[in-house]
Amino acid sequence: MTDSTLSALSSSRERRAETMSGYMLLLVLLALIALQIFGVFNLATDHLTMLPILSVIVGPLGLLLVAPGFYMLQPNQAAALTLFGAYKGTDRATGLRWTWPWLAKKKISVRANNVISDKIKVNDLRGNPIEMAAQIVWRVVDTAQALFDVDDYKAFVMVQVEAAVRTIGSRYPYDDFEHQEVTLRGNHDQVGVELRAELIARLAVAGISVDECGFTHLAYAQEIAGAMLRRQQAQAVVAARKTMVEGAVGMVEMALEMLSAKNVVELDDERRAAMVSNLMVVLCGERDTQPIINAGSLYQ
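This text gives an overview of the structure that appears in the document. (Residues numbered from 1 in each chain as written. Predicted model: local features only at pLDDT ≥ 70, side-chain atom pairs only at ≥ 80, totals over all residues. Heavy atoms only, no water.)

1. Structural notes on the packing of helix α5 (residues 153–169) against helix α6 (residues 188–203)
Two numbers describe how α5 lies on α6: the axes approach to 9 Å, and their chain directions differ by 140 degrees. Judged by the inter-axis angle, α5 sits oblique to α6. Our pair here, α5 against α6, has a crossing hand that is right-handed. Contacts between α5 and α6 involve F156, V157, Q160, V161, A163, A164, V165, T167 and I168 from the first element and V191, E194, L195, E198, L199, R202 and L203 from the second. Among the residues making up the contact of α5 with α6, the classes are represented as 11 nonpolar, two polar and three charged. (Axes fitted to C-alpha atoms, helices over the stretch in contact; angles between N-to-C directions. Helix = DSSP H or I, 4+ residues; strand = E, 2+ residues; numbered from the N terminus. Parallel < 35°, antiparallel > 145°, perpendicular 65-115°, else oblique. Left-handed = near helix turned anticlockwise from the far one by under 90°. Contact = heavy atoms within 4.5 Å. Nonpolar A, V, L, I, M, F, W, Y, C, P; charged D, E, K, R; others polar.)

This is the structure:
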């Protein structure tokens, strides 16, 4: 026997069950009850004819055949029917239903389910420990696979959700201040689409579809949260300084060009350097500058 034979899974597929509306059989049940009452009444009054005797015999047998076959299905609810362990189909029709009493009936909900996973610790693409939790809306689309291809489909969903979150969390970095990579924090929509695709692939064996999903918690782990916060603050300060310097350089360049173009003042290299220094201090300083009047010459 090969390894592929040992690991093969007998996949089930949902099919329609041969069932009937229960309302017609309810009339039959009432008729059988009336027939039984008729037979008992006639026998009690010593009318020992063939009809009362047959009604007393047929009535109980009919009741034993018809009564156990009734079951009720609510909207978005299904019933899987089996005969001595063999799958015979799924009934999705709502209301009062009837089938042969020797068929076992297993009800299953096909409504949408909303699940929020537990917070789990994951190492992102750069190895930083982060905490993640996801919200998933799922539902059963194939009742046969959900009931017969996995042991407990609800527990299966929870395990696969955790595995999918770990896979997606390790695929991307948490953050990128240079904005050159896809990140968990900065690309929620794209990462959410990949998480949904990962879950659909993992839950297909159980006949479960994922309608929507997203992250409800995403943060650095507690042991590195403080250090990462200081790093974020430092990088934000550097980025702000860079923007200020770039703007100041442009303004100084524009000022020198306008002074030269309008012949306001002739500046040699030393005066130009002094003016550039003063303008950069004024434009890049964190505090308000105080003007100082120079009554002498620049060279004194």
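So much for the structure itself; the text now carries on.
2. Section: the side chain of H217
Tracing the backbone through its elements, the reader meets H217 in strand β10 (residues 208–220). At a separation of 3.3 Å, a polar atom in the side chain of H217 contacts the side chain of E131. Not counting the four nearest positions on each side in its chain, H217 is found in contact with K119, E131, M132 and A133. (Polar contact = N/O pair within 3.5 Å; in protein donor to acceptor, adjacent residues only side chain to side chain.)

3. A closer look at α5
In this model α5 runs 24 Å from its N-terminal to its C-terminal C-alpha over 17 residues, within 8% of the 24 Å that 1.5 Å per residue would give. The complete set of buried residues in α5 reads Y153, F156, V157, Q160, V161, A164, V165, I168 and G169. (Expected span 1.5 Å × (residues − 1). Buried < 20%, exposed > 50% of the residue type's maximum accessible area, 1.4 Å probe, protein only.)

4. What to know about the pairing of strand β8 (residues 120–123)
Side chains I120 and V122 project from β8 onto a buried face, and the interleaved K121 and N123 project onto a face without burial. In this sheet, strand β9 (residues 129–140) lies alongside β8 in antiparallel orientation, the contact comprising four bridges. Paired with V122 across the strands is I130, a residue of β9. Counted along the chain from β8 to the antiparallel partner β9, the turn is five residues long, and its residue G127 has a positive phi close to 85 degrees. (Pairing = 2+ DSSP bridges.)

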